[in-house]
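Each chain is listed here by its residues.
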Amino acid sequence: MSEVKHPIGQQSVAMVTPFHEDGSLDTDSAQRLAKHLVDTGVDCILISGTTGEAPTTYQPEKNDLTDAVVEAVGERAFVLAGAGSNDTAHAVRMAVNAQEHGADGLLVVSPYYNRPSQRGLRAHVDAILSETTLPVVLYDIPGRTGLAFSDETLDYFAQNERIVAVKDATGKPEQAIKRMNRTGISYYSGDDGLNCMLMAQGASGIISVVGHVAGAFFRKQIDAINEGDIVTARNIQRTLTPLIDAIMGGGQGAVMAKAAVHMMGIIESDRLRLPLVPALDEELDRMRRAMENLELL
């Protein structure tokens, strides 16, 4: 196997976007959260992704969020900005704005709902590439978009040096392993339950939601894999399973992660924007117990 590359770092968190109680953007909390994440071992912050409620934030807010996170941790971490839309012109505008406001790279998801052909998917990504100069991470999450990246499309993008990685949330680890070995594109686990499995097989790292609260654990796991200590990495994965299940299993990851960092006192409010609604009390209690068992509260 060729040497594993880490084009955006190894440990990324798809960061929630904090809001004040009145629903407005809270950049102070965003900066505190970004600093907390980096302090726990995170070396890449993803902003304006699905976990960041990007579908319900407006472009001026995205720009302000990018400015705030770049100011807070831009010298310590790679800042990856989401440019996801099923309107290619809109995705291009988001990508251009992210670049202008200091992001280091772009996360591009396949166009959801209208679900074009693979030729349309390639044209969508090519349009973003043509208007920007930043490295691009493709986001393959067909469970949300209804449109997976095909083998042929990934082979096509593997020829472009601007396509540096894939965030894989397909739930198909065997497919992901075959693809990263065949294409040479760096792969990142987008499913916290599969982090250890994919990294042990050569994935470059993780783009996590649970890392909001378990960053130090994931850093130890990554370090163990880098040293070839699979037993330690596997034991960490087992230790984290109740927390992963509590955040990603019953509720919605963005909702639960935001509630978790609010419980920890890092952000001012756990306010969400519709259509996301607060977690149920039993979901919060389950997560709180899992966090307390790991001494995270």
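Rules and cut-offs
Residues numbered from 1 in each chain as written. Predicted model: local features only at pLDDT ≥ 70, side-chain atom pairs only at ≥ 80, totals over all residues. Heavy atoms only, no water. UniProt positions renumbered as here; feature names shortened; annotations may be inferred. Helix = DSSP H or I, 4+ residues; strand = E, 2+ residues; numbered from the N terminus. Rg over C-alpha atoms; globule rule 2.2 N^0.38 Å. Buried < 20%, exposed > 50% of the residue type's maximum accessible area, 1.4 Å probe, protein only. Contact = heavy atoms within 4.5 Å. Areas by Shrake-Rupley, 256 points an atom, 1.4 Å probe, with all protein chains shown as cover. Lys, Arg positive; Asp, Glu negative; His and termini not counted. Charge placed at Lys NZ, Arg CZ, Asp CG, Glu CD. Axes fitted to C-alpha atoms, helices over the stretch in contact; angles between N-to-C directions. Left-handed = near helix turned anticlockwise from the far one by under 90°. Nonpolar A, V, L, I, M, F, W, Y, C, P; charged D, E, K, R; others polar. 1 Å grid on protein atoms, 1.4 Å probe; cavity = no way out; pocket = protein on both sides within 12 Å on 5 of 7 lines; lining within 4 Å. Points joined across faces, edges and corners; volume = space filled by probe spheres on them.

- The name an unreviewed UniProt entry gives the chain is 4-hydroxy-tetrahydrodipicolinate synthase, with Gleimia europaea ACS-120-V-Col10b as the organism.
- Its UniProt record, at the heading Function (unreviewed entry), says of the chain: "Catalyzes the condensation of (S)-aspartate-beta-semialdehyde [(S)-ASA] and pyruvate to 4-hydroxy-tetrahydrodipicolinate (HTPA)."

## Examining the overall build of the chain
Line of reasoning, step 1. Counting its secondary structure elements, the chain contains 12 helices and 8 strands.
Line of reasoning, step 2. The C-alpha radius of gyration computed for the chain amounts to 18 Å, which stays within 12% of the reference 19 Å derived for 297 residues, consistent with globular compactness.
Line of reasoning, step 3. Principal-axis analysis of the C-alpha atoms places the extent of the chain at approximately 45 × 45 × 35 Å.
Line of reasoning, step 4. By residue count, 55% of the 297 residues in the chain fall in the buried class.
Line of reasoning, step 5. Intrachain contacts of the chain at a sequence separation of at least 6 include 73% that bridge at least 24 residues.
Line of reasoning, step 6. For the chain, the accessible area works out to roughly 12700 Å², and carbon and sulfur atoms hold 48% of it.
Line of reasoning, step 7. Side chains of the chain give 26 positive and 39 negative charges; the mean places of these two sets differ by 5 Å.

## Let's talk about the packing of helix α3 (residues 88-100) against helix α4 (residues 118-131)
Line of reasoning, step 1. Contact pair α3 / α4: the axes reach a minimum separation of 9 Å and the direction vectors enclose 35°. Like other packed secondary-structure pairs, α3 and α4 cross with a definite hand, here right-handed. Across from T88, A91, V92, A95 and V96 in α3, the residues of α4 making contact are H124, A127, I128 and E131.
Line of reasoning, step 2. Its residues assigned to classes, the contact of α3 with α4 shows 6 nonpolar, 2 polar and 1 charged.

## Some thoughts on empty space enclosed by the protein
Line of reasoning, step 1. Under the defined criterion, the tally for this structure stands at 1 cavity of 30 Å³ or more.
Line of reasoning, step 2. At the level of secondary structure, the elements contributing two or more residues to the lining of the largest cavity comprise α2 (59-73), β3 (78-82) and α3.

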